[in-house]
Amino acid sequence: MKVVCVLNEPWLHNGKLASVYVLYGTEKYLLENWERGIVKAANPSGDQFDVMQLDLQETSLDTALDEAETVPFFSEFRTVIVKNAQFLTGAKEKQKHNVDRLAEYVVQPATYSVLVLIVESEKLDERKKIVKRLKERAIVLEAKKPSQAELMRYVNDTLSQDQQKMERATMERLLFLCQDDWGKLVRELEKLQLYAGTGATIPIDIVNDLVPRTLEDNVFQLSELLVKRRADAALRLVRDLEKQGQELIGLLGLLARQYRNMYLSKQLTESGYGEKQIASKIGAHPYTVKLATQASRNFSEAQLAQALTLIADADEAMKTGRGDKQIIFDTLVCQLALL
């Protein structure tokens, strides 16, 4: 059967449940959503007696197949959810599984059961016979990380259900704070919708107030303070981050990446590249490039090169123990604020 990669509800085949599913990919939210959808479709009453949850790190594939061949007691279908099906990937297995029995089962599966194999992996091992057999006989769903365009479409569709709106810049900010994590986006968007109310336009201020900041975003704030030459406020922010358990060497690494992005964004912008092209070329998040491009306008290329040299010197000093780390970092903050 053809591999399907979609963002809606793809588990029904010609309006009916399939007997065998393979769910794989790196987008955990999608995997969980598809699993819930299959269980609900197989057991609309919500009765969990005929729903079995198994983990192949703790049990065998034979046990899962025994369950699949057991007639359901109260429901139309017996649903067997089998997680960590690593035998479908190229990963090293902790135990050998009876894949020959599975290969036989999928040719003539029990009509009263729904078997769901789940593995969080970027890809299946296409060389394995069992993978080839499953692609022929089962529904195989790939849970890919969604693109920014797909996430924005999701936000727009969700907001429109409550006649709510959000400007594109606010949406970009929300996606950045959620780190393009679909599960986190769902939770944070629901919170914003409840706070704003039906028919409202959700402003960026509410997003900044209600959605937790990431460490990377705090470093952006730090660099913004340095751009504004506010060394005192920058040092207060550094102390706050230290109280939250952040190491100075880690902050230095993120600060180096931010100034590197500013330097490269300035170079590429002056060479005629757009923000999307820059993001692709330097391998950075589009919103990160947008902020870096805006900040780079406050510096010359030579100043940004000097900033990178100062950061590299501070990094070497910290790693070789040439002084107190806090003094080295604070000195760097003051030097960057003077550029």
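## A closer look at helix α15 (residues 325-337)
Inference 1: Counted at 1.5 Å a residue, the expected span for α15 with its 13 residues is 18 Å, and the 18 Å between its end C-alpha atoms agrees.
Inference 2: Within α15, the full set of buried residues consists of Ile-328, Phe-329, Asp-330, Leu-332, Val-333, Leu-336 and Ala-337.

## Points about the confidence of the model for the chain
Inference 1: The pLDDT averaged across the chain works out to 90; a share of 96% of its residues lies at or above 70.
Inference 2: In this model residues 1-7 is a low-confidence stretch, pLDDT under 50, and it forms 22 contacts with partners more than four residues away in sequence or in other chains.

## As for the packing of aromatic side chains
Inference 1: Counted according to the given criterion, the structure contains six aromatic pairs.
Inference 2: Both rings, one in Phe-49 and one in Phe-74, keep their centres 5.3 Å apart while their planes meet at 65°; by these two values the pair is edge-to-face. One end of the pair, Phe-49, is in the loop between α1 (28-42) and β4 (51-55); the other, Phe-74, is in the loop between α2 (61-68) and β5 (78-83), and 25 residues separate them in sequence.
Inference 3: Here Phe-74 falls in the exposed class, since its relative accessible area comes to 60%.
Inference 4: Centre to centre, the rings of Phe-176 and Tyr-287 are 5.1 Å apart; their planes meet at 35°, and the pair counts as tilted. Taken together, the residues span a long stretch of sequence, with Phe-176 in helix α6 (residues 168-177) and Tyr-287 in helix α13 (residues 286-296) at a distance of 111 residues. Each member of the pair, Phe-176 as well as Tyr-287, is classed as buried.
Inference 5: Grouping aromatic residues by their ring pairs yields a cluster made of Tyr-29, Tyr-154 and Trp-182.

## Re the side chain of Lys-184
Inference 1: With respect to the helices and strands, Lys-184 occurs in helix α7 (residues 182-196).
Inference 2: Buried within the structure, Lys-184 lacks any salt-bridge partner; Glu-188 is the closest side chain of opposite charge, at an N-O distance of 5.7 Å.
Inference 3: In this structure the side chain of Lys-184 is engaged in a polar contact, spanning 3.2 Å, whose partner is the backbone oxygen of Leu-177.
Inference 4: In this structure Lys-184 touches Leu-177, Cys-178 and Thr-214, once residues within four positions along its chain are discounted.

## Re empty space enclosed by the protein
Inference 1: Tallying each qualifying case throughout the model produces one cavity of 30 Å³ or more.
Inference 2: Taken as a whole, the largest cavity spans an internal volume of roughly 50 Å³.
Inference 3: Forming the boundary of the largest cavity are Glu-216, Val-219, Phe-220, Leu-254, Arg-257, Gln-258, Asn-261 and Thr-288.
Inference 4: Sorting the residues of the lining of the largest cavity by element identifies α9 (215-227) and α11 (248-270) as the ones contributing at least two each.
Inference 5: Here the lining of the largest cavity gets four residues from one element, more than from any other, and that element is α11.

## Some details on the pairing of β5
Looking along a regular strand, one sees the side chains alternate between the two faces of the sheet.
Inference 1: Most of β5 sits out of view: five of its six residues are buried.
Inference 2: Once the chain exits β4 it traverses α2 before rejoining the sheet at β5, and the crossover so formed is right-handed.
Inference 3: Alignment of β5 against strand β6 (residues 113-119), held across five bridges, turns out to be parallel. Bridge pairing in β6 places Thr-79 opposite Val-114.
Inference 4: Running through helix α3 (residues 99-107), the crossover from β5 to the neighbouring parallel element β6 is right-handed.

## Side note on the environment of Ala-233
Inference 1: Note that Ala-233 resides in helix α10 (residues 231-243).
Inference 2: On the basis of relative accessible area, Ala-233 is assigned to the buried category, the value being 9%.
Inference 3: Spatially, the C-alpha atom of Ala-233 lies 19 Å from that of Ile-311, the residues being 78 residues apart in sequence.

## Quick notes on the pattern of salt bridges
Inference 1: Per the counting criterion, the structure on display carries 20 salt bridges.
Inference 2: For Arg-173, the salt bridge is made with Asp-217, and the minimal N-O distance between the two is 2.6 Å. Within this pair, whereas Arg-173 is found in helix α6, its partner Asp-217 is found in helix α9, the two being separated by 44 residues in sequence. Like Asp-217, Arg-173 is buried.
Inference 3: A network of salt bridges, in which partner residues are shared, links Asp-62, Asp-66, Glu-69 and Arg-101.

Calculation rules
Residues numbered from 1 in each chain as written. Predicted model: local features only at pLDDT ≥ 70, side-chain atom pairs only at ≥ 80, totals over all residues. Heavy atoms only, no water. Helix = DSSP H or I, 4+ residues; strand = E, 2+ residues; numbered from the N terminus. Expected span 1.5 Å × (residues − 1). Buried < 20%, exposed > 50% of the residue type's maximum accessible area, 1.4 Å probe, protein only. pLDDT = per-residue confidence, 0-100. Contact = heavy atoms within 4.5 Å. Phe/Tyr/Trp six-rings, centres within 6.5 Å; stacked < 30°, edge-to-face > 60°. Lys, Arg positive; Asp, Glu negative; His and termini not counted. Salt bridge = Lys/Arg side-chain N within 4 Å of Asp/Glu carboxyl O. Polar contact = N/O pair within 3.5 Å; in protein donor to acceptor, adjacent residues only side chain to side chain. 1 Å grid on protein atoms, 1.4 Å probe; cavity = no way out; pocket = protein on both sides within 12 Å on 5 of 7 lines; lining within 4 Å. Points joined across faces, edges and corners; volume = space filled by probe spheres on them. Right-handed = clockwise from strand over helix to strand, strands pointing away. Pairing = 2+ DSSP bridges.

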